[in-house]
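One-letter residues, chain by chain:
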Amino acid sequence: RFRSISRQYLRKADGVLVMYDTTARGSFSAVRAWMSSLQEGIEDGAVVFLLGNKMDAAQGETRSVPTVEGERLAKEYQAEFYECSALTGYNILEPMLHMARSVSS
């Protein structure tokens with residue numbers, strides 16, 4: 001339901017974060033559609049980051065998306081890749097600083 005308005009926001013974006021849930025395969029599967037929308041909507045030079053979230057819950061049997069799959073998908077779309085946890089704050093600062101440095105240069 002957000003795809004229709006997302007193009008308006010993406011048109012002038014300098015950077016975009018696409019996040020998926022490392023414990024939900026369906027969330028990861030939806031990334032391809034979002035990345036395709038991004039490629040149509042963003043201008044050249046915009047930076048794209050792919051973030052695998054919920055690393056706090058992915059420590060064990062609940063992980064559905066291995067790191068290597070996230071890395072592979074990010075590489076396919078020429079996106080920067082990080083795994084993080086919004087709940088615990090694990091690895092949140094680094095991608096945000098990387099984004100800030102990338103869009104300011």
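Residues numbered from 1 in each chain as written. Predicted model: local features only at pLDDT ≥ 70, side-chain atom pairs only at ≥ 80, totals over all residues. Heavy atoms only, no water.

For the protein, the name recorded in an unreviewed UniProt entry is RAB44 protein, with Semnornis frantzii as its organism.

### Points about the pairing of strand S2 (residues 47-53)
Among the 7 residues of S2, 7 are classified as buried, and the element is accordingly described as predominantly covered. Both faces of S2 are covered, namely the face carrying Val47, Phe49, Leu51 and Asn53 and the face carrying Val48, Leu50 and Gly52. Here S2 runs beside strand S3 (residues 80-83); their pairing, made up of 4 bridges, is parallel. The partner of Phe49 across the bridge, within S3, is Glu80. (Buried < 20%, exposed > 50% of the residue type's maximum accessible area, 1.4 Å probe, protein only. Helix = DSSP H or I, 4+ residues; strand = E, 2+ residues; numbered from the N terminus. Pairing = 2+ DSSP bridges.)

### Details of the side chain of Glu83
For Glu83, the position within the fold is in strand S3. A distance of 2.3 Å separates a polar atom in the side chain of Glu83 from a polar atom in the side chain of Arg63. Side-chain polar atoms of Glu83 contact the side chain of Thr67, separated by 2.8 Å. Beyond its immediate sequence surroundings of up to four residues, Glu83 is in contact with Tyr20, Thr22, Gly52, Met55, Arg63, Thr67, Tyr90 and Asn91. (Polar contact = N/O pair within 3.5 Å; in protein donor to acceptor, adjacent residues only side chain to side chain. Contact = heavy atoms within 4.5 Å.)

### Here we look at the sheet that holds S2
In any sheet, the strands associate via hydrogen bonds between backbone groups, in a parallel or an antiparallel arrangement. Taken in spatial order, the 3 strands of this open sheet run S1-S2-S3, and their pairing is parallel. Unpaired on one side and paired on the other, strand S1 (15-21) and S3 mark the two borders of the sheet. Averaged over all neighbouring strand pairs, the angle between strand axes comes to 20 degrees, with direction disregarded. Of the strand pairs in this sheet, S1 and S2 are connected by 7 bridges, and their pairing is parallel. Bridging across to S2, Leu17 finds its partner in Phe49. Each of S1, S2 and S3 is contacted by helix H5 (residues 93-104), which is oriented at about 175 degrees to S2, the strand it contacts most. (Axes fitted to C-alpha atoms, helices over the stretch in contact; angles between N-to-C directions.)

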